[in-house]
Each structure stands twice: as C-alpha cells, then as structure tokens.
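This is what each chain is made of:
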Amino acid sequence: MAFVVTACKDDDDKEPDPVEDTNPIVGRWQLTAVTPETPGTTIPALSFIQTVAPCILELKLTFNPDNTLTTADCPSAVTAIDPFVPVGTDAKWKVAGDKLTLSRGTTSQEFKITQTDTNLTVVVNTQTDTTKPAVNALLIFKRL
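The notes below deal with the structure included here. Going along each chain's sequence as written, the residues are numbered from 1 onward. Confidence filtering applies because this is a predicted model: local features only for residues at pLDDT of at least 70, side-chain atom pairs given and counted only at 80 or more, and all residues used for totals across whole chains, interfaces and linings. Each side-chain value is worked out from all heavy atoms of the structure, with water and hydrogens disregarded.

**Re the sheet that holds strand E2 (residues 60–63)**
- Any two strands are treated as partners once DSSP identifies two or more bridges connecting them. Elements are defined by DSSP. Helices are runs of H or I of four residues or more, strands are runs of E of two residues or more, and each kind is numbered from the N terminus. The eight strands lie next to each other as E3-E2-E1-E8-E7-E6-E5-E4, forming an open sheet whose pairing is antiparallel. With one partner strand each, in any of the chains shown, strand E3 (69–72) and strand E4 (92–96) form the two edges of the open sheet. Taking the axes of each pair of neighbouring strands and ignoring which way they run, one obtains an average angle of 30 degrees across the sheet.
- In this sheet, strand E5 (residues 99–104) lies alongside E4 in antiparallel orientation, the contact comprising five bridges. The residue of E5 that forms the bridge with Lys-94 is Thr-101. For helices, the axis comes from a line fit to the C-alpha atoms of the stretch in contact; other axes are also lines fit to C-alpha atoms, and the angle between any two N-to-C directions lies between 0 and 180 degrees.

**Focus: helix H1 (residues 44–52)**
- Throughout this description, buried means an accessible area under 20% of the type-specific maximum (1.4 Å probe, protein chains only), exposed means over 50%, and partly exposed covers the range between. Within H1 the residues assigned to the buried category are Ala-45, Leu-46 and Ile-49. Looking straight down H1, one finds its buried side chains confined to an arc of 100 degrees; they lie on one side. In H1, those exposed residues whose orientation departs by more than 90 degrees from the buried face are Pro-44 and Thr-51.
- Lining the buried residues of H1 we find strand E1 (27–36), helix H2 (75–81) and strand E8 (136–143). Throughout, the arc means that of the directions going from the helix axis to the C-beta atoms. Should any heavy atoms of two residues lie within 4.5 Å, those residues are counted as being in contact.

**Some points on the pairing of E5**
- Taking the residues that link successive antiparallel strands as the turn, the E4-E5 hairpin has two residues, and the phi of Gly-97 there is positive, at about 65 degrees.
- When E5 meets strand E6 (residues 107–115), the two strands line up antiparallel, connected through six bridges. Opposite Lys-99, over in E6, you have Lys-112 as the bridge partner.
- Hairpin remark: E5 followed by E6, antiparallel, with two residues in the connecting loop; positive phi at Gly-105, about 65 degrees.

**Things to note about the nonpolar core**
- Working definition of a nonpolar core: buried Ala, Val, Leu, Ile, Met, Phe, Trp, Tyr and Cys residues. They are joined through side-chain atoms within 4.5 Å. In terms of nonpolar packing, the biggest core is built from 36 residues, with Phe-63, Val-85, Leu-100, Leu-102 and Val-122 touching the most fellow members.
- Counting residues per element, this core draws most heavily on H2, which supplies four residues.

What follows is the structure, given as structure tokens:
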C-alpha cells in the first residue's frame, strides 16, 4: 500500500509591497532660518535654541517615503527643538493638505506648512503654556 502526501504553496499569497508616500515633502531638507512669524517679535525660545545648538542651521531632516523621519548634522538642535517639534528617534510624519503631523510614540503635533519644490516653511508654536496665545516661529528649509 502506498501513501503519498503533497503540498503546494500558492505564490499569490505574497506580502503586499509597503505603500510609499509620494507627497512632495519626501526628500532631504536643510534648515536655513528660524524667525518669528511676526517680524519684531522677541521669542526667548529661539535665542535659547541658538545658544545651546549653534549648529542649528546645519540641521537636516529627511522625510522618507515610508513616513519615517531622520535627522543629521546637529544632534544638539534635535534635542533643543524637541519640546516644540518632535523630530528625534522614531519620529513619523504625515501631510494632509497644508498640515504636517509629526508623531513619536503616543505624542503627535500638527503644524501648518507651505511647500514648493525647493522650499518648506513650518509654523511652530513656541508657547508651551497652553493657556496663553500662540507665539509662532517659522522654520524655513531648502531642499537638498
């Protein structure tokens, strides 16, 4: 008596390819300026960041197609801006219209942005006291 067992794998059961985000923000950007949104406004946080991170204008962000975010060239700037802009380790991004959402773990923040092929401006509220009015700074980036 013969007993035969065979099995086949269905090649159509492949894992789907990960979806890649095609938003124009995908790419590498260098910070070129940090200024008050309203000219003449004094923002103490900006002075503090420039003091503790003199390399701030060397900071580069890479928005990857898998919605991850990486930083380069100025770790002290990443630490200094972290209370306002979560761009450190494990940061993720998503753009919907003129809003950029940055998240890390269970924390996420939404920022108004304007972008062209070569420029990106992110509006950041530097006021950490939520009972007070926003004090906005502009983070201005150029595409590398």
